[in-house]
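For reference, the chains in residue letters:
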Amino acid sequence: MNDTHRPVPHFTIGARLLSVLSLLILLGSLFPSTSFAQDWVRTGSGLGLDKVHLAVPDFKPSSSDPQNDALLKAFNDTLWNDLDNSGVVELVSKSFYPLQVPGQPPEVTFGVWNSPPPNAAMLAFGNLGVGAGKLTVQGWLYDVKNTASPEVLGKQYTDVATSDAARLIAHKFADEIIFRLGGGIPGITESKIYFVSDRSGNKEIWVMDYDGSNQRQLTHQGSVSLSPRVSPDGSRLAFSSLTKAGWDILMFSLDLNRLVSFPRFGGTNLSPAWSPDGARLALSSSRGGNSQIYLCDVSGANLHRITSNKGPDVGPVWNRKTGAQIAFVSGDTGLPQVYTIEADGTNQQRMTDQGYAVSPSWSPNGQFLTLAWIRKYGPGEPGSSDIYLMDIASKQWVQLTHDGGHNDYPSWAPDGRHIVFQSSRSGKEEIWMMLADGTKLHQLTFTGRNTQPNWSWK
Amino acid sequence: MKHQTWKALATVIALAGILMLGACHKKAAPPPPPPPPPAAAPTASISVSPDTIAQGQSATLTWQTSNATDVSIDGIGAVQPSGTQQVTPTDSITYHLVAKGSGGNQEASTRLTVTLPLGEVAPPPSSSEEDLFGHNVKDVYFDYDRYDIRSDQQAAIQADMLFLNQHPNINFTVEGHCDSRGSTEYNLALGDQRASAVKSALTTAGISPNRIKTISYGKEKPFCLEESEGCWRQNRRGHFVYQK
């Protein structure tokens, strides 16, 4: 009797454990097929093509000036980073490089570069020297499989011997390489990103280089400034700011580094957007009652309303290719959705079918929208706000971010290959950048809360 | 079978005996010396009854302390370690008690709310028009992503209209606020429509639109900072601000 009694409790505990375990396993196998059954598709112009394998050994010093080491490091780091983020080449890991790397064309040994382990198709190399306060960089791009006539590019740059100049030269040389290896699309290493930062204590407009360097404050309004939008020629910045009269569109001259006049419309005026020819603005204004989309000349003249929806309309953005359509956000049917409309106010079309869809940004080729979307919204559906890409003609979409946090305000780079956006994935809102297929994700800002990035047009 | 069981039992007893013997050989560690007794920390409590009075009425303040050598109440001064006192403040007040002793300090506080007579037109000398505005004008709360005035907010609107009609010289701002969820720009537009909805309800009831300014703060200036429904509900509102 004793022998049979004792194991019983053990058996029931064991059975319970087993059933709990099997339930967990069952749940585990169910969830991936339901909540994670989202499309996670790689898209891009280079799909299915192997990217060019490019070796970029550190440039060699060509002087013994004490400044040389620091400037060489700034140059080498910037060049590598630019090419790595370009999305057009596959950098060959430095660990595969030979010990002796070239600084001049005669020093190139083709056999060690064009065969494994580097197995590179292209080689970028050169040297950097400092003398008499001047910085000189020589750089080459070689097709190392074409030993008969390898030179694709040979450049010499001279500038003042500063770290900024070293970085700028690296950007220029990187853009030359990207232009040649990336299908003739100009690189973006000299483009700027405008954004909102609260690190001064107020939300003000800031600007940085595309790689996050050189962050500096532009406005000093001392209130709340939002939605920076740079003009296509890069000379002006429109934004919305809380003034004594309310929310007004303000105009900042990037040439003069100060505000220039722009009329006050009355009501709440938000989210200005430049037409691609730089001649007109679209904006949201509540001057006539509820917030609707208005257009005006760049002087503020000829203000007229183009939407007439029930709910608030906000966040217009022009078709960058044609300048003929505008995408915007409307709460006409409840939760905000993304719509398109002709600039003359006709043919309003709803683009998103459900959820909470905001912050459209039009791709440079006019073919895609990127937007922030909480597709599954409502009680019991803990949807997250992610960045999506939508083909305008078919309304087919692809989810680009999957890694948590609240993601909003995507903005296209001028090359159409990169997207900058804000994300809270690191714990607070910061600016992140990725390729338009969702890869090469990296953080650009780290101080304060940084939001609403807007990429320059070139 | 039986023999085996006995054998097993004997083994168990023997093993237990060995274990017990082993335990007996272990010397118990001497207890650590007791720590010196700390100076007793003072205790303090204070309460007021009733905790809400109309202006002109009085309330009873009761406090108790122990282990304290020095007891004082802000606004009253040094007091006995324990006691009661009648108070007749004209405005709401927090009584803050500090009990000091050799074992440290202890604080306690209690709040007495003084209500103003409702419907009083002529303000008493101690209450400015701005205070009256703050006491009588109620904020209007909204549902998520909505800008229409909820049926349960009609009472607030009615109270606001009553007061504002009785004080025709007061100008004011209606601020539209939203909870922290969703997009910055969309929330600013939504807050604008909330402020407009409150303004429209008031002007429909005969309040002059010239007295009312509206402004949207979207989710820029929340009242409550937590990420919870309780907090979000507090932040979705039309907030009244007296215009000086």
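Keep in mind the model is a prediction, meaning the values are calculated, not measured. (Residues numbered from 1 in each chain as written. Chains lettered and ligands numbered in written order. Predicted model: local features only at pLDDT ≥ 70, side-chain atom pairs only at ≥ 80, totals over all residues.)

A. Structural detail: the overall build of chain B. Within chain B, the regular secondary structure consists of five helices and twelve strands. A burial count over chain B gives 26% of its 244 residues as buried. Considering only contacts within chain B whose residues lie at least 6 apart along the sequence, 64% involve residues at least 24 apart. (Helix = DSSP H or I, 4+ residues; strand = E, 2+ residues; numbered from the N terminus. Buried ≥ 20, exposed ≤ 12 C-beta atoms within 10 Å, placed from the backbone. Contact = placed C-beta atoms within 7 Å.)

B. Just the overall build of chain A, in detail. Looking only at helices and strands, one finds five helices and 30 strands in chain A. Looking at chain A residue by residue over its 458 residues, the buried ones come to 43%. Residue pairs at least 24 apart in sequence account for 45% of intrachain contacts in chain A once pairs closer than 6 positions are excluded.

C. Main features of the interface of chain B and chain A. Counting from both sides, the interface comprises 15 residues of chain B and, opposite them, 27 residues of chain A. Where the side of chain B that touches chain A is concerned, the elements lending two or more residues are α4 (184-204) and β11 (212-218) of chain B. With nine residues, α4 of chain B is the single largest residue contributor to the side of chain B that touches chain A. When grouped by side-chain class, the residues that make up the side of chain B that touches chain A number five nonpolar, six polar and four charged. (Nonpolar A, V, L, I, M, F, W, Y, C, P; charged D, E, K, R; others polar.)

D. Structural context of the sheet that holds strand β14 (residues 269-274) of chain A. Pairing is antiparallel across the open sheet formed by four strands, whose spatial order is β14-β15-β16-β17 (chain A). Looking along the sheet, the strands with just one partner apiece sit at the ends: β14 and β17 (304-305) of chain A. (Pairing = 2+ DSSP bridges.)

E. The pairing of strand β26 (residues 407-412) of chain A, seen in detail. Residue and element names in this part refer to chain A. Counting buried positions along β26 yields six of six residues, so the element is predominantly enclosed. Here four bridges tie β26 to strand β27 (residues 418-423), and the two strands are oriented antiparallel to one another. Paired with Trp412 across the strands is Ile419, a residue of β27. Hairpin remark: β26 followed by β27, antiparallel, with five residues in the connecting loop; positive phi at Gly416, about 70°.

F. Quick look at α4 of chain B. Compared with an ideal rise of 1.5 Å per residue, which puts 21 residues at 30 Å, α4 of chain B spans 30 Å between its outermost C-alpha atoms and is within 8% of the ideal. Most of α4 of chain B sits out of view: 18 of its 21 residues are buried. (Expected span 1.5 Å × (residues − 1).)

G. Here's a closer look at the pairing of strand β3 (residues 59-66) of chain B. All names here are of chain B. Both strand β1 (residues 43-49) and β3 contribute to a ladder of seven bridges, which runs antiparallel. Bridged to Ser47 within β3 is Thr62. Sheet topology note: the β3/strand β6 (residues 83-87) ladder contains five bridges and is antiparallel. The residue bridging Leu61 from the neighbouring strand is Gln85, located in β6.

H. Representation of the domain arrangement of chain B in the model. Split by domain assignment, chain B resolves into domain 1 (43-115) and domain 2 (129-243). Distance from the C-alpha centre of domain 1 of chain B to the C-alpha centre of domain 2 of chain B: 37 Å. (Domains from an automatic or database assignment.)

I. Region of interest: the nonpolar core. Grouped together as the largest cluster of nonpolar side chains are 94 residues, with contacts concentrated most on Leu371 and Tyr388 of chain A. No other element matches the nine residues that α4 of chain B contributes to this core. Excluding anything up to four places from it in sequence, Tyr388 of chain A contacts Thr370, Leu371, Trp373, Trp397, Val398, Gln399 and Leu400 of chain A. Counting residues in hydrophobic clusters, the runner-up holds 38 residues, among them Val92, Leu141, Ala161 and Ala174 of chain A. (Core = buried A, V, L, I, M, F, W, Y, C linked by C-beta atoms within 7 Å.)

J. The domain arrangement of chain A, seen in detail. Residues and elements named next belong to chain A. For chain A, the domain assignment lists domain 1 (52-181) and domain 2 (192-455). In this structure, domain 1 and domain 2 have C-alpha centres spaced 37 Å apart. Counting from both sides, the interface comprises four residues of domain 1 and, opposite them, six residues of domain 2. Here the side of domain 1 that touches domain 2 is composed, by residue class, of no nonpolar, three polar and one charged.

K. View of the environment of Asp248 of chain A. Residue and element names in this part refer to chain A. Considering the arrangement of structural elements, one finds Asp248 in strand β12 (residues 246-253). For Asp248, a count of 21 C-beta atoms within 10 Å translates into the label buried. Considering only alpha carbons, one finds Asp248 and Pro272, 24 residues apart in sequence, at a separation of 10.0 Å. Not counting residues within four places of it along the chain, the set of residues in contact with Asp248 comprises Ser241, Thr243, Arg264 and Asn269.

L. Local environment of the sheet that holds β11 of chain B. Strand order in the open sheet made by the four strands is β9-β12-β10-β11 (chain B), with mixed pairing throughout. Of all strands in the sheet, those bounded by a partner on one side alone are β9 (140-141) and β11 of chain B.

M. Quick peek at the confidence of the model for chain A. Summarising the model, chain A shows a mean pLDDT of 89, and 88% of its residues fall at 70 or more. With pLDDT under 50 throughout, residues 1-41 of chain A is counted as low confidence; its partners more than four residues away or in other chains account for seven contacts. (pLDDT = per-residue confidence, 0-100.)

N. Inspection of the packing of helix α3 (residues 68-85) of chain A against helix α5 (residues 163-181) of chain A at higher detail. Residues and elements named next belong to chain A. In contact at an axis separation of 8 Å, α3 and α5 are set at 35° when each is read in the N-to-C sense. As for how α3 packs across α5, the hand of that crossing is right-handed. Contacts between α3 and α5 pair Ala70, Leu71, Ala74, Phe75, Thr78, Leu79, Asp82 and Leu83 from the former with Ser163, Ala166, Arg167, Ile169, Ala170, His171, Phe173, Ala174 and Ile177 from the latter. In the contact of α3 with α5, the residues fall into twelve nonpolar, three polar and two charged. (Axes fitted to C-alpha atoms, helices over the stretch in contact; angles between N-to-C directions. Left-handed = near helix turned anticlockwise from the far one by under 90°.)

O. A look at unusual backbone geometry. Residues and elements named next belong to chain A. Note that the residue after Pro116, namely Pro117, is joined by a cis bond; omega there is 10°. With respect to the helices, strands and loops of the structure, Pro117 is situated in the loop between α4 (110-114) and β4 (122-131). Its identity is not glycine, yet Ser227 carries a phi of approximately 55°, on the positive side. Turning to its location among the elements, Ser227 is positioned in strand β10 (residues 225-230). With a phi angle near 45°, Ser271 is a residue other than glycine that sits in the positive phi range. Position of Ser271 relative to the elements: it lies in strand β14. For Ser271, a count of 32 C-beta atoms within 10 Å translates into the label buried.

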